Amino acid sequence: MRSTRRALTAVVSAAALLVASACGSGDDDETRATKVEVFTWWAEGGEKAGLDALVGRFTTSCAGQTFESGVVPGGAGINAKQVLNARLQQSDPPDTFQVHAGAELLDHIDAGQVADLTADFASWGLREALPDGLVDGLTVNGKIYSVPAGVHRANVVWTNDQVLSDAGILQPPKSLTELVGNLEKLRAAGVESPLALGRDWTQLMLLEAVLISDLGPQRFTGLFTGATGWDSRAVGKAIEHYATILKYSNKDRDSLDWPQAQRLLIDGKAGYQLMGDWAAAELEADSFTGYETFVFPGNGTAFQWLADSFTLTTGAANPDGARCWLRTVASPEGQQAFNARKGSIPARTDAPTTGFTDYQIDAAADWRSGTPVPSCAHGSACSQPWQNAANAALGAFSTSGQTRVLQSALAAAAKQFLRQQ
Ligand code: GAL
């Protein structure tokens, strides 16, 4: 369970916000009371397909309520989070917003921007239906503030089989050394950028995967609790490995979002891409089937998890409608519809798996049997300011290539943002 030092402040600010929203009755209150603004970053492709499926369930289950899309495009919410923060600060919140389960929510809780959903959680049967570890990750000072829609795995590599077989690569690499060997083979075969990569947060994902291989799941998780030092030799070595791998990626990486990097894979300009398993829905949207997947080399049974969740804002104009949205997200039918399209697996253990791919069935089994490790790039491991600092450090490294500077920046971020979480 997480704890937060500013819990009391949060309760006081939440109360103040509730009073403020109760007093402020605008002209359009009546219309707003039937609209639920759902704020996400799922604007197109496989991501939108998942959202649309959820909206379909919402429309059926919440008669009289209308879905209003508050969408800001940009992978991993890189733009949406900035817009959301500005809106929250200006007391213009959506009714509900997408957030990752775990540490990413802490600052919103501290600021009193999200409502306590503990009672709803119990009445929607989520306490029994979710795995204990996930409930624990969602709990802050004994309370729960978001409803998880599904669980994604981050540490997955996607391939272009044709590109690999043309270079004589027929097996997935089992270690970082083998991965680098294959990248070299691809380059020798004329593939200039064998690893498709995008901007800062996708680079952070790659570094995290390398860290899991080099440190193992337990010491990796310790990086976010203070048990493992970012300034340690082991992290330094992992950063060197990361720097080697980065050299095989496309030079325009800093200007690409993840679907554009994925395009390099589809077009046969790269052999590999590390990306979370939302990649499958996007490949499907692009009708590309010539791929395989494997867990990042050296990660073993580590399941790097993240959970897309939804909140109820304390200033919501339509809290009843937003609750109906959340109840839909929480329901077994909602989770089936959403995850079947999104490529994730239901957070609930009792949701039907109709329409799920073989990959999803395997991922669900791995989630049950693997070693869970959190993700900083996707909010389960670190708070939003910490994630921003890590993204900035990776973006700077992409240009400078200075390993020591990267390690110091990551160590400084941990020192600044590590708190009891
Ligand atoms: C993650 C999110 C996924 C997917 C991905 C790429 O942070 O949890 O659902 O949307 O970003 O945008």
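Located above this text is the structure these notes cover.
What counts as what
Residues numbered from 1 in each chain as written. Predicted model: local features only at pLDDT ≥ 70, side-chain atom pairs only at ≥ 80, totals over all residues. Heavy atoms only, no water. Helix = DSSP H or I, 4+ residues; strand = E, 2+ residues; numbered from the N terminus. Rg over C-alpha atoms; globule rule 2.2 N^0.38 Å. Buried < 20%, exposed > 50% of the residue type's maximum accessible area, 1.4 Å probe, protein only. Contact = heavy atoms within 4.5 Å. Areas by Shrake-Rupley, 256 points an atom, 1.4 Å probe, with all protein chains shown as cover. Lys, Arg positive; Asp, Glu negative; His and termini not counted. Charge placed at Lys NZ, Arg CZ, Asp CG, Glu CD. Disulfide = S-S within 2.5 Å. Near = heavy atom within 4 Å. Polar contact = N/O pair within 3.5 Å; in protein donor to acceptor, adjacent residues only side chain to side chain. Nonpolar A, V, L, I, M, F, W, Y, C, P; charged D, E, K, R; others polar. Pairing = 2+ DSSP bridges.

A. Highlighting the overall build of the chain. Along the chain, the regular secondary structure elements total 19 helices and 13 strands. The C-alpha radius of gyration of the chain comes to 21 Å, within 12% of the 22 Å expected for a compact globule of 421 residues. Projected onto the principal axes, the alpha-carbon positions of the chain cover approximately 65 × 45 × 40 Å. Considering the chain as a whole, with its 421 residues, one finds that 57% of them fall into the buried category. Long-range contacts, defined as pairs at least 24 residues apart, comprise 79% of the intrachain contacts of the chain with a sequence gap of at least 6. Summed over all atoms, the accessible surface of the chain reaches about 17000 Å², with 51% contributed by carbon and sulfur. The distance from the centre of the 33 positive side-chain charges to the centre of the 45 negative ones in the chain is 6 Å.

B. The state of the cysteines, seen in detail. Overall, the coordinates contain 2 disulfides when judged by the stated rule. Each sulfur of the disulfide joining Cys62 and Cys324 lies 2.1 Å from the other. In this structure the cystine formed by Cys62 and Cys324 twists about its S-S bond by roughly -95°; its chirality is therefore left-handed. On the criterion of sequence distance, the pair formed by Cys62 in the loop between helix 3 (45–61) and strand 2 (66–71) and Cys324 in helix 15 (residues 319–330) is long-range, its members being 262 residues apart. Residue pairing for Cys376: its cysteine sulfur links by disulfide to Cys382, the two sulfurs lying 2.1 Å apart. Because the sign of the S-S torsion sets the handedness, a value of about 85° for the bond joining Cys376 and Cys382 places this disulfide among the right-handed ones.

C. Here's a closer look at the site of the ligand. Close to the ligand lie 13 residues; Glu47, His100, Asp308, Lys342 and His378 are nearest. One of the side-chain N or O atoms of Trp42 is found 2.8 Å from an oxygen atom in the ligand. His100 has a polar side-chain atom sitting 2.7 Å from an oxygen atom of the ligand. Class assignment for the residues of the shell around the ligand results in 6 nonpolar, 4 polar and 3 charged.

D. How the structure looks around helix 16 (residues 332–342). Burial runs high along helix 16: 8 of the 11 residues are buried. Within helix 16, burial applies to Pro332, Gly334, Gln335, Gln336, Ala337, Phe338, Asn339 and Lys342. Backbone geometry just after helix 16 places Gly343 at a positive phi near 95°.

E. Just the sheet that holds strand 8 (residues 195–196), in detail. Spatially, 4 strands are ordered 8-9-7-10 in an open sheet, and the strand pairing comes out mixed. Strands with a single pairing partner mark the edges of an open sheet, and in this sheet they are strand 8 and strand 10 (293–295).

F. Representation of the pairing of strand 11 (residues 302–310) within the structure. Counting buried residues in strand 11 gives 9 out of 9 residues, a clear majority hidden from the surface. Neither face of strand 11 is exposed, since Ala302, Gln304, Leu306, Asp308 and Phe310 on one face and Phe303, Trp305, Ala307 and Ser309 on the opposite face are all buried. Pairing analysis gives 3 bridges linking strand 3 (residues 96–100) to strand 11, with the strands arranged antiparallel. In the strand pairing of strand 11, Val99 is matched with Ser309. Alignment of strand 6 (residues 147–153) against strand 11, held across 6 bridges, turns out to be antiparallel.

G. The environment of Ala261, seen in detail. With respect to the element layout, Ala261 can be found in helix 13 (residues 258–266). We classify Ala261 as buried; its relative accessible area is 0%. Separated by 217 residues in the primary sequence, Ala261 and Glu44 place their C-alpha atoms 15 Å from one another. Beyond its immediate chain neighbours, meaning those up to four positions away, Ala261 contacts Ala196, Leu197, Gly198, Leu256 and Gln273.

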